[in-house]
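Coordinates in review
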Amino acid sequence: SELNAAAKRSAILGVHTDFNGFPLLGALDFIPDPAGCPERPLGMMFGTGLAMQSDILGVLRRALEGGCRASGGSRGTGSSSAHLATGAAGRSARLPPSRWKSIFEPPPSSWAQLEAVLASLLEQRFLTLLASFHERVAKLEAVQEEEVSTADGFDPEELQTPAVAAPKASSRAAAAARRRAR
């Protein structure tokens, strides 16, 4: 609510912040509370213009890099994905949504740092969506594999012995060929 009040006061005084170079900040919109006080919005969201960016991943990468430079390196743990625990491939670790608020700790002290924090938040959302997608694909593949094995009269219990390992591969290949022929 302080940010909303400051933005309104600045606009009244004719002071407008130029968000050129900060596409994430420029895409933020306040969500007004229709039943409440106009000085206390419900929150903020990214406008549809951000989704229209042709290079959203490049926008995020530049924001993260700019936030690191503006802060002189690390802002501490949890402030942006550039400083989150990274995996073996150097990618950001996915945080559970309950910990996303830690991305804002410590609070950013510059526009570049705020842009980097917003990029980290979006990155976490994308990582969560991607993980959800992979989980659904794995479930679908398991269901399809089960359907194929039961349609062939194939009993998965037979796989417990090493002598059946070779027929398993040929059975799957035959099932795949039948599906293609349909």
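Rules used throughout
Within any chain, residue numbers begin from 1 and follow the written order of that chain's sequence. Reporting of local features is limited, given that this is a predicted model, to residues whose pLDDT is at least 70; pairs of side-chain atoms are given and counted only at 80 or more, and all residues count toward the totals for whole chains, interfaces and linings. For side-chain calculations, the full set of non-hydrogen atoms in the structure is used, while hydrogens and water are omitted. Strands here mean DSSP runs of E at least two residues long; helices mean DSSP runs of H or I at least four residues long; both are numbered from the N terminus. Throughout this description, buried means an accessible area under 20% of the type-specific maximum (1.4 Å probe, protein chains only), exposed means over 50%, and partly exposed covers the range between. Contact between two residues is taken to exist if any of their heavy atoms lie within 4.5 Å; hydrogens are not considered. Exposure was quantified through the Shrake-Rupley algorithm and a 1.4 Å probe, taking into account, for residues, occlusion by the shown protein chains and nothing else. Salt bridges are defined as contacts in which a side-chain nitrogen from Lys or Arg sits within 4 Å of a carboxyl oxygen from Asp or Glu. What we call a nonpolar core is a set of buried Ala, Val, Leu, Ile, Met, Phe, Trp, Tyr and Cys residues that are connected through their side-chain atoms within 4.5 Å. Residues forming no salt bridge and having over 30% relative accessible area are the ones grouped into patches, like charges within 9 Å of each other and nonpolar side chains (Val, Leu, Ile, Met, Phe, Trp, Tyr) within 5 Å. Here a polar contact is recorded for every N or O atom pair within 3.5 Å, except that within protein the pair must consist of a potential hydrogen donor and a potential acceptor, and residues adjacent in sequence are included only if both atoms are side-chain atoms.

**Some thoughts on the overall build of the protein**
Broken down by element type, the protein carries six helices and two strands. The proportion of buried residues among the 182 residues of the protein is 26%. Long-range contacts, defined as pairs at least 24 residues apart, comprise 56% of the intrachain contacts of the protein with a sequence gap of at least 6. Entry remark: accessible area of the protein is about 12,300 Å², with carbon and sulfur atoms responsible for 59%.

**With respect to the pattern of salt bridges**
This structure, assessed with the given rule, holds one salt bridge. Between Asp 55 and Arg 62 there is a salt bridge whose closest N-O contact spans 3.6 Å.

**Looking at the environment of Arg 40**
Considering the arrangement of structural elements, one finds Arg 40 in the loop between β1 (28–31) and β2 (43–46). Counting along the chain gives ten residues from Arg 40 to Phe 30, while the straight-line C-alpha distance between them is 9.5 Å.

**Details of the nonpolar core**
Among the nonpolar cores identified, the biggest contains 13 residues, and Leu 24, Leu 25, Leu 50, Leu 60, Leu 118, Ala 119 and Leu 122 are the most heavily contacted of them. Among the elements of the structure, α2 (23–26), α4 (56–71) and α5 (111–151) are those that each provide at least two residues to this core. With sequence-adjacent residues up to four places away left out, Leu 118 is seen in contact with Leu 24, Leu 25, Leu 28, Phe 46 and Phe 104.

**Observations concerning a nonpolar patch on the surface**
Taken together, Leu 57, Phe 126 and Leu 129 make up a surface patch of nonpolar side chains, about 280 Å² in accessible area. Inspection of the secondary structure puts Leu 57 in helix α4. When its relative accessible area of 56% is taken as the criterion, Leu 57 is described as exposed.

**Some points on unusual backbone geometry**
Following Glu 105, the chain continues to Pro 106 via a peptide bond in cis, the omega torsion being -10 degrees. Relative to the elements of secondary structure, Pro 106 occurs in the loop between α4 and α5.

**Some words on the side chain of Ser 102**
Among the structural elements, Ser 102 can be located in the loop between α4 and α5. By relative accessible area, which is 15% here, Ser 102 ends up buried. Polar side-chain contacts of Ser 102 include one of 2.6 Å to the backbone oxygen of Arg 99.

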